[in-house]
Amino acid sequence: MKEISVGITYGIAPNRGTSTDVLIDADTYRRCGLKHASAYGPQAALAALAATSAAPADRSFRPRRALLTNGGPWSMDTALAFLHSAHARGPQYVNPLQFPMTLVSAAPSSIAAMIGAGVCGVAIGHDELAFFEMLRHGAQLLRHGLADEVFLAAAVAPSPALKRILHAADPNAAQEVGHCSICFVLGTALVGSLILEESMVLDSEPEWRGASMHRSEIGVDGILRMAGKGPEPHRFLSASGAVACQHALAGSTVPGAIGIICKTRSKVGAALFRRQQLPPS
Amino acid sequence: MTFILNIAACTCHGDWPTTWKSFLAGKSVLVNTGSLVGQGAVSIPVAAVANLDRVLSADATGPAVRLARKVAEALGAPRDAAWYIGSNHGEAELVRALLRELTKPEAQAVLYDEILSLDEGHAFRLYSACASGLSVLAAAVFDLDDGLHDYAAVLAVDALSAIETIGFARSGALSGDRAWPFLNSRAGLTIGEGAVAVSLGRTAAGASTEVLGIGLGCDAHHPTDPHPDGRGTGLAIQAALTQAGLAPSDVAAIVAHGTGTSKGDEAELRAITNVWCGDPPPVTSVKGCAGHLMGAAGLLNLAVAHESSRTGLLPPINSAGTAAAIAPCVVVDQPMLIAPGAPVLAIASGFGGNTVAVVVAAR
């Protein structure tokens, strides 16, 4: 079985895994290249930046290229605005162009069109372990011969609806949602020093389950503590795994295995990479 | 190897056996939206599930979750089955309900699509619009082939929502009546709702259907309109046949996506005709009878493909004697006889151009 090489690029440069001074403004929406980006929302714009950062200048149709993004409540603002407009003014005043963007799959399928992904452009997962599912599904597409390269665009950005939902779920939570715009590219034809061995999400043992929900108890916090950087004040939701992997991989340059584990209330996500020494060219 | 062990469904016709009989008869059941989707909805004919509790505020969940749970129980999957879930739209209504019910403890404890969790165990979720059902099936088959599980349960569900009824109506994509896929009289799609669940295993049990091959394709073209040549559909079909080790001539029948829209039907049929070099096998669509089940549509097509291969009967598109088909391969008015056990292809496509094709054959 061919090895799966991993390349990592950034739509927005990571700053300890969060870009606290990132402003998602009109310039970001314009720069990301996604048509009607502001209607899709800030997470879609960051995902587009991430995917295009990894795609070559020639983005013509590639029948063996796939795109996966992390799922989550990213379409909620558009969906709620759509409903509000219908209720407040009547269905006949709703802008039909907004309708497709109320779907979770709208952003990945449109970003797939930007980079010519001819295999798929879909969103996967919904919680802090979504990226481990993306890694796994991407590896499966390669191993089962359905793709030659898979772009994993992980993005998160705060949005009004998201903040309301998070506050409703846990009013005592002080953490703010961070920003993330990372693209991992998996391929069997790439030559690189980083190899993906395996990734999966499993139910955790009953005794691991804690009282809090949707919190990564071992993940970005733990990895940053081990790296001596202290706990991270921001949450990365369904891009958490990508941030954790990026931190772990950036901090390791010697050949060997690198394992990343993230835990939520009832599940564990784990990914195993291997850094290898390339022969001198 | 992966086998379909059992199928459960809930559509406007009822459970899966009743739905199958209605498909063979070309029967359609439509009601007007009326108060089904709440304030602000438009008044259109839809293929709605009868007697479904639609009060969103009652328990902070919604009709999509109730449909999902009903079908999951009917499936009777093994307790150690891994769950794979695909859906499309209903979650927006659920968040609307959550935001309205912020003082209720159950609303505060629930986020977004957490409510689709059937228990506290892990469920893989994938979102590819109307191709979601077959997309998660692909993930389940991969995991079974890789030996991660011995059993998997795949569930796809969507319920009527204000967003989809208003959105499709404002987009001008709706037929004013039932849909007429692949017929000259087609004028748009009919919104439906339902849930379909399939249990999969690595060994055959009784009369099982084998999943021979799965293919994916993406138009990478437009947020809603298909590529005129059905580029993604063609790629998905080719990939499924390649994985199955089949030539196009080995396929006995096709259960197409067939929504009843002018552009969609044309593009899909063009892709099929290209793959079969102008001589495709019989083609049908069940969206005239069941409406478009959105995220669950693909899994419904898989159920039809499974039953067709098992029984040797391909359901027709009921024209009610009103119009001819746009191609001679389209099965109109009477069920088509095919060889029992022959491979049958199921196709599902979604907004944005994602398509999944699956070939199955009954043992």
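Residues numbered from 1 in each chain as written. Chains lettered and ligands numbered in written order. Predicted model: local features only at pLDDT ≥ 70, side-chain atom pairs only at ≥ 80, totals over all residues. Heavy atoms only, no water.

### Regarding the overall build of chain B
Across its full length, chain B carries ten helices and 15 strands. Burial status across chain B gives 65% buried among its 363 residues. A sequence separation of at least 24 residues applies to 77% of the contacts in chain B between residues at least 6 apart. Accessible area of chain B: about 11400 Å², with a carbon and sulfur share of 52%. (Helix = DSSP H or I, 4+ residues; strand = E, 2+ residues; numbered from the N terminus. Buried < 20%, exposed > 50% of the residue type's maximum accessible area, 1.4 Å probe, protein only. Contact = heavy atoms within 4.5 Å. Areas by Shrake-Rupley, 256 points an atom, 1.4 Å probe, with all protein chains shown as cover.)

### A few points about the overall build of chain A
A tally of regular secondary structure across chain A gives nine helices and ten strands. Counting only residues that meet the buried cut, chain A has 59% of its 281 residues in that class. Restricting the contact set of chain A to residue pairs at least 6 apart, pairs at least 24 apart contribute 77%. If you sum the accessible surface of chain A, you get close to 10900 Å²; carbon and sulfur atoms cover 55% of it.

### Digging into the nonpolar core
A:L141, A:C245, A:F273, B:L137 and B:L200 are the most contacted members of the largest nonpolar core, which totals 100 residues. In terms of residues, this core owes the most to one element, helix α5 (residues 132-145) of chain B, which gives nine residues. In terms of nonpolar packing, the next biggest core, distinct from the first, is built from 31 residues, A:A48, A:A50, A:I111 and B:C218 among them. (Core = buried A, V, L, I, M, F, W, Y, C linked by side-chain atoms within 4.5 Å.)

### Side note on the packing of α5(B) against helix α10 (residues 297-311) of chain B
All names here are of chain B. It is the contact of α5 with α10, at a shortest axis distance of 5 Å, that shows an interaxial angle of 70°. Taken together, the axes of α5 and α10 are roughly perpendicular relative to one another. On the side of α5, the interface is formed by G133, L134 and L137, while α10 contributes G298, L299 and L302. Classifying every residue of the contact of α5 with α10 gives four nonpolar, two polar and no charged. (Axes fitted to C-alpha atoms, helices over the stretch in contact; angles between N-to-C directions. Parallel < 35°, antiparallel > 145°, perpendicular 65-115°, else oblique. Nonpolar A, V, L, I, M, F, W, Y, C, P; charged D, E, K, R; others polar.)

### Comments concerning helix α7 (residues 231-244) of chain B
All names here are of chain B. Here α7 spans 20 Å end to end across 14 residues, near enough to the 20 Å set by a 1.5 Å rise per residue. Among all positions of α7, only G232, T233, G234, A236, I237, A240, L241 and A244 are buried. Those residues of α7 hidden inside the fold are in contact with β9 (209-218), α8 (262-275), β14 (344-349) and β15 (354-362). Looking at the residues trailing α7, positive phi occurs at G245, about 70°. (Expected span 1.5 Å × (residues − 1).)

### Let's talk about the pattern of salt bridges
With the rule as written, the count across this model stands at 16 salt bridges over all chains. Linking A:R136 and A:E198 is a salt bridge whose minimum nitrogen-to-oxygen distance equals 2.9 Å. You can see A:R136 sitting in helix α6 (residues 130-143) and its partner A:E198 sitting in strand β7 (residues 194-203), a full 62 residues away along the chain. Of the residues examined, A:E198 reaches a relative accessible area of 30% and is grouped as partly exposed. When the shortest N-O distance is used, the salt bridge between A:R136 and B:D143 registers 2.8 Å. One end of the pair, A:R136, is in helix α6; the other, B:D143, is in helix α5, on a second chain. Comparing A:R136 with B:D143, the two get one shared label, buried. Linked by salt bridges that have partners in common, A:R136, A:E198, B:D143 and B:D146 make up one network. (Salt bridge = Lys/Arg side-chain N within 4 Å of Asp/Glu carboxyl O.)

### As for the packing of aromatic side chains
The geometry of an aromatic ring pair comes down to the distance between the two centres and the angle between the two planes. Enumeration over the complete set of coordinates arrives at eight aromatic pairs over all chains. When the centroid spacing of 6.4 Å and the interplanar angle of 75° are considered together, the rings of B:W16 and B:F23 count as edge-to-face. Between B:Y84 and B:F124, the ring centres sit 5.8 Å apart and the planes meet at 50°, which makes this aromatic pair tilted. Of this pair, B:Y84 sits in strand β5 (residues 82-87) while B:F124 sits in strand β6 (residues 123-127), and the two are 40 residues apart along the sequence. Accessibility assignment for this pair places B:Y84 and B:F124 in one class, buried. An aromatic cluster is present here, built from A:F82, A:F99, B:F168 and B:F351 joined pairwise through their rings. The ring centre of A:F61 lies 3.7 Å from the NZ or CZ of B:R231, which sits over that ring. (Phe/Tyr/Trp six-rings, centres within 6.5 Å; stacked < 30°, edge-to-face > 60°. Lys NZ or Arg CZ within 6 Å of the ring centre and 35° of its normal.)

### Observations regarding the confidence of the model for chain B
Residues and elements named next belong to chain B. Taken as a whole, chain B shows an average pLDDT of 87; of its residues, 86% reach a score of 70 or greater. A low-confidence stretch, residues 100-120 (pLDDT under 50), is modelled with 54 contacts involving residues beyond four sequence positions or located in other chains. Scoring of the predicted complex yields 0.91 for pTM and 0.91 for ipTM. (pLDDT = per-residue confidence, 0-100.)

### Concerning the packing of α6(A) against α5(B)
At a minimum axis separation of 11 Å, α6(A) and α5(B) run at an interaxial angle of 75°. Considered as vectors, α6(A) and α5(B) are oriented roughly perpendicular to each other. Along the contact surface, α6(A) presents A:R136, A:H137, A:Q140 and A:L141, while α5(B) presents B:A139, B:F142 and B:D143. Looking at the contact of α6(A) with α5(B) residue by residue, the classes come out as three nonpolar, two polar and two charged.

### Some details on the side chain of B:T11
Residues and elements named next belong to chain B. Counting through the fold element by element, T11 comes out in strand β1 (residues 2-11). T11 gets classed as buried once you look at its relative accessible area, which sits at 1%. Not counting residues within four places of it along the chain, the set of residues in contact with T11 comprises T19, V49, E193, L293 and L300.

### What to know about the side chain of B:H227
Relative to the assigned elements, B:H227 resides in the loop between β9 and α7. Setting aside residues no more than four positions away along its own chain, B:H227 makes contact with B:D219, B:H221 and B:A267.

### Focus on the state of the cysteines
Residue and element names in this part refer to chain B. Applying the stated criterion across every chain, the model contains zero disulfides over all chains. Distance from the sulfur of C12, which forms no disulfide, to the nearest cysteine sulfur (C289) is 8.5 Å. Looking at C12, the relative accessible area reads 8%, which means it is buried. (Disulfide = S-S within 2.5 Å.)

### Description of the pairing of β9(B)
Residues and elements named next belong to chain B. Judged by how many residues are buried, β9 sits mostly within the fold: nine of ten residues are covered. Here three bridges tie β1 to β9, and the two strands are oriented antiparallel to one another. Directly across from I4, in β9, lies its bridge partner T209. Across nine bridges, β9 lies against β15 in antiparallel orientation. Bridging from a neighbouring strand, V211 pairs with V360 of β15. (Pairing = 2+ DSSP bridges.)

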